[in-house]
Amino acid sequence: MTDTAFVRREMEPTLPPPVRTTGIGAWLKANLFSTPGNALLTLVAAAFVAMIVPPLYNFLIADAVWSDPEGLRGEACRFEGVGACWIFIQARLNFFIYGFYPTEEIWRLNLMFLIGIVLIAPLLIPRAPFKRTAALLFFVVYPFVAFMLLAGGVFGLRPVRSGEWGGLTLTLIISLIGIIVSMPLGILLALGRQSKLPAIRSFCIAFIELWRAVPLITVLFMASVMFPLFMPQGVSTDTLMRAIIGICLFESAYMAEVVRGGLQAMPRGQYEAAGALGLSKPKTMGLIILPQALKHVIPGIVNTFIALFKDTSLVSIIGLFELLNTVRAAGSDPAWSSPTHAVTGYIFAGFLFWAFCFAMSRYSIYMEERLHTGHKR
Amino acid sequence: MTETAPAMPERPIDRSHMTVSKTDVAIEVIDMHKWFGDFHVLRDINLKVMRGERIVIAGPSGSGKSTLIRCINRLEEHQQGHIVVNGTELTSDLKRIDEVRREVGMVFQHFNLFPHLTILQNLTLAPIWVRGIPKAKAEETAMMYLERVKIPEQASKYPGQLSGGQQQRVAIARSLCMNPKVMLFDEPTSALDPEMIKEVLDVMVSLAEEGMTMICVTHEMGFARQVANRVIFMDQGQIIEQNEPEPFFSNPQHERTKLFLSQILH
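As annotated in an unreviewed UniProt entry, chain B carries the name Amino acid ABC transporter ATP-binding protein and comes from Arsenicitalea aurantiaca. We quote the UniProt Sequence similarities (unreviewed entry) comment for chain B here in full: "Belongs to the ABC transporter superfamily."

As recorded by an unreviewed UniProt entry, chain A carries the name Amino acid ABC transporter permease and is attributed to Arsenicitalea aurantiaca. Of chain A, the UniProt comment under Sequence similarities (unreviewed entry) reads exactly: "Belongs to the binding-protein-dependent transport system permease family. HisMQ subfamily."

Shown next, in the form of structure tokens:
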């Protein structure tokens, strides 16, 4: 009989690793120069970085104008070879954030932000106390309080027309309303699209397909230019309100399709198990199906939110001064003349957009991980 | 299926208190037909289940066994005939369907636990939201049933962290938390590894010993022999034979039954 299996009698001692699997040299070889192709790519990438970083550093930091000791304001960045004009941002920061809102009333916006942050924090932080109270206050009471502070006209607050709202404030107002309204509306449309009742189903399909097939710019033009033509004489509604309604309906059509994707991924067994326990259809949806379906499509939902946030910049074409439009307007201010202040403004606006979107993205990844219970081992 | 024999519980079953009511009807199916599109899946089904009775439905795959018990809690809709469960006839009236389902527990082949909820939440969801039982009371009941299926230590885990056999026992406990009058089992052990079949069958046997009215679709013939009052054999959407387990296995009447039994009992 021949031995076909080797049976170990004693434990093998731990051996040191073979040479050159640790240390910088080995790391470089494994990660950057493992094949001739990879080595070439590494060199190209290094050359690209070397090409792009120094000019970027010079523009943003070395040649940039950081302070204005002589009080030149608009003239401070007016010289050859100037880098980013940061004092422009500094000087016009209030305009970028609050738009044309009267300076002496800005405390109202700050108060509005403060209340908003205090109420929204418990909703975003898991395990925070007073969740239910905060949700109730945020979704039911806060909209009225915020509107009161914004528009004034009550409790002795000076009225401020919506035309004077602007800057980052307006961007946040539009996108927050858009997000809060389009989410439930999208869920309802998605459920309606799966309804067994033909009238509801056809309405939802028609709604979704109509709004999804129209560019947002068209929607905004229709809302601002064409809609008033259909209204009876003397009835006029606010441009901003019409734009917000347009954005909400537009985004809810997108949201509906994202949610529908999640609903379709739900196995039939979940409906059956819930039904077999005697749960009614609405309870099955609310307790079993939607929590799972929405969790599946968090990336899609946040994708839509991020798109919405950036799409708010389109309201500038109907004359609303959201963040990007205030930056553009400030850039063409004749009091400022320099080769770079306008560009610096756009960089600043771009950075703000990026910061908000990146925060949303990270938060969604955090939520995904927290809610991931399905196949956790 | 050779592994069915060892999966059978060894201890003898005490049948003394497994009383079957003579007058109290739990489920009655009368002249029932069902079609899937053009396919006549259930043909002229007549079945009366008395309270306390334990019925095993056997038959080749595609014979309509699962469809039949799914009709009993209206997961499938029948097109002709009548189904009366606990005195309530199943019609398209949604309210009545929920009423019937509250009193009829169902265990599925693939468990169908709710993966986003912990085991304890799986068990308390329906008592809280359907019966309106206070949370603390529902959790107490749930823990009692988890003890019964011998996995109380898993209460705060998620279904994805449990083995198949444990998940199926949780699914049985979840149904029991609703305190059902009837339990339906749709091939409860078919998706399990052979090692785990016994732990689930043990729970089912103890349930039978307590006098639960049960209808089981299963291929576990050892289980059928041990606890069933009646075995029903289905083929091509019809009940073609029914008998007590002993004569059913030792002396099947119908040719198809003989063939089926010779295939699964070696």
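The structure having been displayed, the exposition proceeds.
Caption draft 1: The overall build of chain A, seen in detail. A count of helical and extended segments in chain A gives 14 helices and zero strands. For a compact globule of 377 residues, the expected C-alpha radius of gyration is about 21 Å, and chain A comes in at 28 Å, more than 25% above that figure. Within chain A, the fraction of its 377 residues that count as buried is 39%. Contacts in chain A between residues far apart in sequence, at least 24 positions, make up 68% of those at least 6 positions apart.

Caption draft 2: Broad picture of the overall build of chain B. Across its full length, chain B carries ten helices and ten strands. For chain B, the C-alpha radius of gyration of 18 Å lies close to 18 Å, the compact-globule estimate for 266 residues. Referenced to the eigenvectors of the C-alpha coordinate spread, the extents of chain B come out at roughly 55 × 45 × 35 Å. A fraction of 68% describes how many contacts in chain B between residues 6 or more apart in sequence connect residues 24 or more apart. Within the structure as shown, chain B displays about 11,300 Å² of accessible surface, and the carbon and sulfur contribution to it stands at 49%. Considering chain B, the positive charge centre built from 29 side chains and the negative charge centre built from 34 side chains are found 3 Å apart.

Caption draft 3: Structural view of the sheet that holds strand 4 (residues 80–85) of chain B. Sheet architecture is open: four strands sit in the order 2-1-4-5 (chain B), paired in antiparallel fashion. Each edge of the open sheet carries a strand with a single partner, namely strand 2 (39–50) and strand 5 (88–89) of chain B.

Caption draft 4: The arrangement of the interface of chain A and chain B in detail. Taken together, the contact between chain A and chain B spans 22 residues of the former and 26 residues of the latter. Across the chain A/chain B interface, buried area totals approximately 2,200 Å², and carbon plus sulfur atoms make up 60% of it. Inspection of the region where chain A meets chain B yields two salt bridges. Among the elements of the structure, helix 10 (268–276) and helix 11 (281–296) of chain A are those that each provide at least two residues to the side of chain A that touches chain B. Of the residues forming the side of chain A that touches chain B, the biggest block, eight residues, is contributed by helix 10 of chain A.

Caption draft 5: Structural detail: the UniProt feature "domain: ABC transporter" (unreviewed entry) in chain B. Residues annotated by UniProt as "domain: ABC transporter" (unreviewed entry) correspond here to residues 27–261 of chain B. As annotated, residues 27–261 of chain B comprises 39% helix and 26% strand, and the C-alpha atoms at either end are separated by 27 Å.

Caption draft 6: Seen up close, the layout of surface pockets. Within this model, the second largest pocket holds a volume of roughly 1,200 Å³. For the second largest pocket, the lining is made up of 26 residues, of which A:Lys196, A:Tyr271, A:Lys281, B:Leu94 and B:Arg101 are closest to its centre. Counting only elements with at least two residues in the lining of the second largest pocket, the list comes to helix 6 (167–193), helix 10 and helix 11 of chain A together with helix 3 (94–103) of chain B. In the lining of the second largest pocket, the residues fall into ten nonpolar, seven polar and nine charged.

Caption draft 7: Region of interest: the pairing of strand 4 of chain B. Residues and elements named next belong to chain B. When strand 1 (residues 25–36) meets strand 4, the two strands line up antiparallel, connected through five bridges. Bridge assignment links glutamate 28 to a residue of strand 4, and that residue is valine 84. Where strand 4 meets strand 5, two bridges bridge the pair, whose relative direction is antiparallel. Bridge assignment links valine 84 to a residue of strand 5, and that residue is glutamate 89.

Caption draft 8: Representation of the sheet that holds strand 6 (residues 104–107) of chain B in the model. Residue and element names in this part refer to chain B. Read across the sheet, six strands follow the order 6-7-8-3-9-10 without closing on themselves; strand pairing throughout is mixed. The sheet terminates laterally at strand 6 and strand 10 (238–243), the two strands that pair on one side only. This sheet shows a mean twist of 20 degrees between the axes of neighbouring strands, independent of strand direction. Taken together, the four bridges between strand 3 (residues 54–58) and strand 8 (residues 213–217) define a ladder with parallel strand orientation. Each residue of the ladder has a partner; that of valine 56, found in strand 8, is cysteine 216. Against the sheet, helix 2 (residues 65–72) touches strand 3, strand 6, strand 7 (182–186), strand 8 and strand 9 (230–235), its axis set at about 150 degrees to strand 7. The strands touched by helix 10 (residues 255–264) are strand 3, strand 9 and strand 10; relative to strand 9, the strand with the most contacts, the crossing angle is about 100 degrees.

Caption draft 9: View of the pattern of salt bridges. Taken as a whole and assessed by the stated rule, the structure comprises 24 salt bridges over all chains. Linking B:Arg70 and A:Glu272 is a salt bridge whose minimum nitrogen-to-oxygen distance equals 2.5 Å. Of this pair, B:Arg70 sits in helix 2 while A:Glu272 sits in helix 10, placing the two residues on different chains. As far as burial versus exposure is concerned, B:Arg70 and A:Glu272 are alike and both buried.

Caption draft 10: The state of the cysteines, seen in detail. Using the criterion set out here, one finds zero disulfides over all chains in the structure. For A:Cys357, which is in no disulfide, the shortest distance to another cysteine sulfur is to A:Cys248 and amounts to 17 Å. For A:Cys357, a relative accessible area of 9% corresponds to the buried category. Considering cysteine sulfurs only, B:Cys216 is the nearest to B:Cys71, which forms no disulfide, with 17 Å between them.

Caption draft 11: Quick peek at the side chain of B:Lys65. Note on placement: B:Lys65 falls in helix 2. Beyond its immediate chain neighbours, meaning those up to four positions away, B:Lys65 contacts B:Ile57, B:Ala58, B:Gly59, B:Pro60, B:Glu187, B:Val217, B:His219 and B:Met234.

Caption draft 12: Main features of the domain arrangement of chain A. For chain A, the assigned domains read domain 1 (24–61) and domain 2 (82–101 + 160–371). Taking the mean C-alpha position of each, domain 1 of chain A and domain 2 of chain A sit 39 Å from one another.

Caption draft 13: Quick peek at the UniProt feature "transmembrane region" (unreviewed entry) in chain A. With numbering matched to this structure, UniProt assigns "transmembrane region" (unreviewed entry) to residues 39–60, 107–125, 137–157, 169–191, 203–227 and 341–360 of chain A. When the span residues 107–125 of chain A is considered, its composition is 95% helix and 0% strand, and the gap between its end C-alpha atoms is 27 Å.

Caption draft 14: A look at unusual backbone geometry. Residue and element names in this part refer to chain B. In the Ramachandran plot, aspartate 31 falls in the positive-phi region, its phi being about 45 degrees despite a non-glycine side chain. Locating aspartate 31 in the fold gives a position in strand 1. With phi around 60 degrees, arginine 74 is a residue other than glycine that occupies positive phi space. Structurally, arginine 74 can be placed in the loop between helix 2 and strand 4.

Caption draft 15: Inspection of the environment of A:Tyr98 at higher detail. Residue and element names in this part refer to chain A. Note on placement: tyrosine 98 falls in helix 3 (residues 86–98). Through-space distance from the C-alpha of tyrosine 98 to that of glycine 167 is 5.1 Å; in sequence the pair is 69 residues apart. Ignoring any residue separated from it by four or fewer positions in sequence, one finds tyrosine 98 in contact with Ile106, Leu109, Asn110, Phe113, Glu164, Gly166 and Thr169.

Here is what the cut-offs are and how they apply
- Residues numbered from 1 in each chain as written.
- Chains lettered and ligands numbered in written order.
- Predicted model: local features only at pLDDT ≥ 70, side-chain atom pairs only at ≥ 80, totals over all residues.
- Heavy atoms only, no water.
- UniProt positions renumbered as here; feature names shortened; annotations may be inferred.
- Helix = DSSP H or I, 4+ residues; strand = E, 2+ residues; numbered from the N terminus.
- Rg over C-alpha atoms; globule rule 2.2 N^0.38 Å.
- Buried < 20%, exposed > 50% of the residue type's maximum accessible area, 1.4 Å probe, protein only.
- Contact = heavy atoms within 4.5 Å.
- Areas by Shrake-Rupley, 256 points an atom, 1.4 Å probe, with all protein chains shown as cover.
- Lys, Arg positive; Asp, Glu negative; His and termini not counted.
- Charge placed at Lys NZ, Arg CZ, Asp CG, Glu CD.
- Pairing = 2+ DSSP bridges.
- Buried area = accessible area lost by both parts, 1.4 Å probe.
- Salt bridge = Lys/Arg side-chain N within 4 Å of Asp/Glu carboxyl O.
- 1 Å grid on protein atoms, 1.4 Å probe; cavity = no way out; pocket = protein on both sides within 12 Å on 5 of 7 lines; lining within 4 Å.
- Points joined across faces, edges and corners; volume = space filled by probe spheres on them.
- Nonpolar A, V, L, I, M, F, W, Y, C, P; charged D, E, K, R; others polar.
- Axes fitted to C-alpha atoms, helices over the stretch in contact; angles between N-to-C directions.
- Disulfide = S-S within 2.5 Å.
- Domains from an automatic or database assignment.

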